[in-house]
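Fold and contact review
Each chain, written out:
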2 protein chains.
Amino acid sequence: MKTLKQMDRGALSDALDHAGQRTTPQREMVFSILLDERNHPTADEVYTRTKSRMPTISMATVYNCLEALVTCGLVKQVNIEREPTRYCPNLSPHAHFHCRETGRVYDVPVPEGMMKDLVKVLPGNYSADSVELVFRGHLEKGKTK
Amino acid sequence: MKTLKQMDRGALSDALDHAGQRTTPQREMVFSILLDERNHPTADEVYTRTKSRMPTISMATVYNCLEALVTCGLVKQVNIEREPTRYCPNLSPHAHFHCRETGRVYDVPVPEGMMKDLVKVLPGNYSADSVELVFRGHLEKGKTK
DNA sequence: AATTTGATTTAGAATAATTCTAAACTATAT
DNA sequence: ATATAGTTTAGAATTATTCTAAATCAAATT
């Protein structure tokens, strides 16, 4: 896929606009890269991929664009154990699974309302606006369920 | 508290021994510092506190000691959003709450078996050996429950 | 008791992800 | 057309952590 779908393009400029930020070719390209291959790339990986299609872009701009996308709510940062930050455009509630063998990170959809239920373990004066759930382990091959 | 309780001292040398590592004054001191004030200090904070009682210790040694304690299972690393790694000697199952206002991290005990239940959201070929649950938000003052 | 062995400690250098800085560029508003 | 403000860019700076190599220490062996 080479460019942003009309739908995503609209979502992007709406979201940026709403946050008082401009829609730029670099931001569109970075967003498109993230949507294209949703394997939780690091800033460095995003830089490499983006550069292949927009050779003049700089690392600083990639960081800037990623930050803009995070700020306007279209992208989430995923941090696993002090490894470089990864970027994830999946906005539906999900957990992450970190494979010790490959280092890859997978989205794990969680049932409706589960994240809500989790906050019930908090004492009454703890008010949480975000819940992060990360599993670590390995993938067993050949076993689907 | 100035030194390690007899119980903790035993647990420490047992655990180190089991991992093929020696019990040293530096490791005892760092462990004692962690047990003394359980507020999830960073390596830097551990260094400062340790230095006040053992002025010759170096930063590298603090990192070495913390790593030894983690390796032998007495201490857990807590990573929140690419902030410096924090160290936590609480071995019972618990979640963490990260206050956006103060930056402090609190342990939140979770009911027996809850962590076990969480892994059930994983597809059958995902095998998890650790579950991490982090809440982010703020503490409401004056409200206890 | 002296010596070898291997682990540990230490200071300082190196690394690496990220942020900062200041100048150049761009687009929009005036 | 011009001014204004946001954005991009290269490169420097920052910072937590790891690495390196020498010095120290403790246990095991002679």
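Right above here is the structure, for reference.
Residues numbered from 1 in each chain as written. Chains lettered and ligands numbered in written order. Predicted model: local features only at pLDDT ≥ 70, side-chain atom pairs only at ≥ 80, totals over all residues. Heavy atoms only, no water.

Glancing now at the sheet that holds strand β3 (residues 94-99) of chain A. Spatially, 6 strands are ordered β4(A)-β3(A)-β5(A)-β5(B)-β3(B)-β4(B) in an open sheet, and the strand pairing comes out mixed. Both edges of this open sheet fall to β4 (105-109) of chain A together with β4 (105-109) of chain B, since each of them pairs with a single strand only. When strand polarity is set aside, the average angle formed by the axes of neighbouring strands in this sheet is 30°. Both β3 of chain A and β4 of chain A contribute to a ladder of 5 bridges, which runs antiparallel. Within β4 of chain A, the position partnered with His94 of chain A by the bridge is Pro109 of chain A. (Pairing = 2+ DSSP bridges. Helix = DSSP H or I, 4+ residues; strand = E, 2+ residues; numbered from the N terminus. Axes fitted to C-alpha atoms, helices over the stretch in contact; angles between N-to-C directions.)

Our focus in this paragraph is the relation of the copies chain A and chain B. Superposition of chain A onto chain B requires a rotation of 180° combined with a translation of 0.0 Å along the rotation axis, giving an RMSD of 0.0 Å. These values place the two chain copies in the arrangement generated by a two-fold rotation axis. Closest approach to the rotation axis among the C-alpha atoms of chain A is made by Leu133 of chain A, whose C-alpha sits 2.4 Å away. Comparing contact sets, 100% of the residues at the interface of chain A also lie at the interface in chain B, consistent with an isologous, same-surface contact. (Least-squares fit on C-alpha atoms with pLDDT ≥ 70 in both. Contact = heavy atoms within 4.5 Å.)

A few words now on the protein's contact with DNA strand D. Near DNA strand D, the surroundings consist of 15 residues, among which Arg22, Thr24, Arg27 and Thr61 of chain A together with Tyr63 of chain B are the closest. For DNA strand D, the fraction of atoms within 4 Å of the protein that belong to sugar or phosphate moieties is 79%. Interatomic distance of 3.2 Å between a backbone N/O atom of Thr56 of chain A and a phosphate oxygen of DNA strand D. In this structure, a phosphate oxygen belonging to DNA strand D sits 3.5 Å away from a main-chain N or O atom of Ser58 of chain A. Elements that contribute at least two residues to the surface near DNA strand D include exactly α2 (25-36) and α4 (59-71) of chain A. Per-element accounting of the surface near DNA strand D gives the leading share, 3 residues, to α4 of chain A. Taken together, the residues of the surface near DNA strand D sort by class into 4 nonpolar, 8 polar and 3 charged. (Near = heavy atom within 4 Å. Polar contact = N/O pair within 3.5 Å; in protein donor to acceptor, adjacent residues only side chain to side chain. Nonpolar A, V, L, I, M, F, W, Y, C, P; charged D, E, K, R; others polar.)

Attention now moves to the protein's contact with DNA strand C. By nearness alone, 15 residues border DNA strand C, and Tyr63 and Thr85 of chain A together with Thr24, Arg27 and Thr61 of chain B come closest of all. Atoms of DNA strand C within 4 Å of the protein: sugar and phosphate make up 82%, bases the balance. At 2.8 Å from a phosphate oxygen of DNA strand C is found a main-chain nitrogen or oxygen belonging to Thr85 of chain A. Note that a phosphate oxygen of DNA strand C is positioned 2.7 Å from one of the side-chain N or O atoms of Thr61 of chain B. Those elements that place two or more of their residues in the surface near DNA strand C are α2 (25-36) and α4 (59-71) of chain B. Ranked by residues supplied to the surface near DNA strand C, first place goes to α4 of chain B with 3 residues. Class assignment for the residues of the surface near DNA strand C results in 4 nonpolar, 8 polar and 3 charged.

Another point: the environment of His18 of chain A. As for its placement among the helices and strands, His18 of chain A is situated in helix α1 (residues 6-18). Residues His18 of chain A and Ser130 of chain A lie 112 residues apart in sequence; the distance between their C-alpha atoms is 21 Å.

Right, let's talk about the interface of chain A and chain B for a bit. With 39 residues of chain A at the interface, the matching set in chain B holds 39 residues. For the chain A and chain B pair, buried surface summed over both sides reaches about 3,500 Å², with 54% attributable to carbon and sulfur atoms. Applying the counting rule to chain A against chain B returns 4 salt bridges. Between Arg100 of chain A and Asp129 of chain B there is a salt bridge, and its shortest N-O distance comes to 2.4 Å. Between the two partners, chain A and chain B, sit 17 residue pairs in polar contact (both at pLDDT 80 or more). Elements with a minimum of two residues in the side of chain A that touches chain B: β4, α5 (114-118) and β5 (126-139) of chain A. Looking at the side of chain A that touches chain B element by element, the count peaks at 14 residues for β5 of chain A. Here the residues of the side of chain A that touches chain B are counted per class, giving 20 nonpolar, 9 polar and 10 charged. Pairing of β5 of chain A with strand β5 (residues 126-139) of chain B, which is carried by 13 bridges, proceeds in the antiparallel orientation. (Buried area = accessible area lost by both parts, 1.4 Å probe. Salt bridge = Lys/Arg side-chain N within 4 Å of Asp/Glu carboxyl O.)

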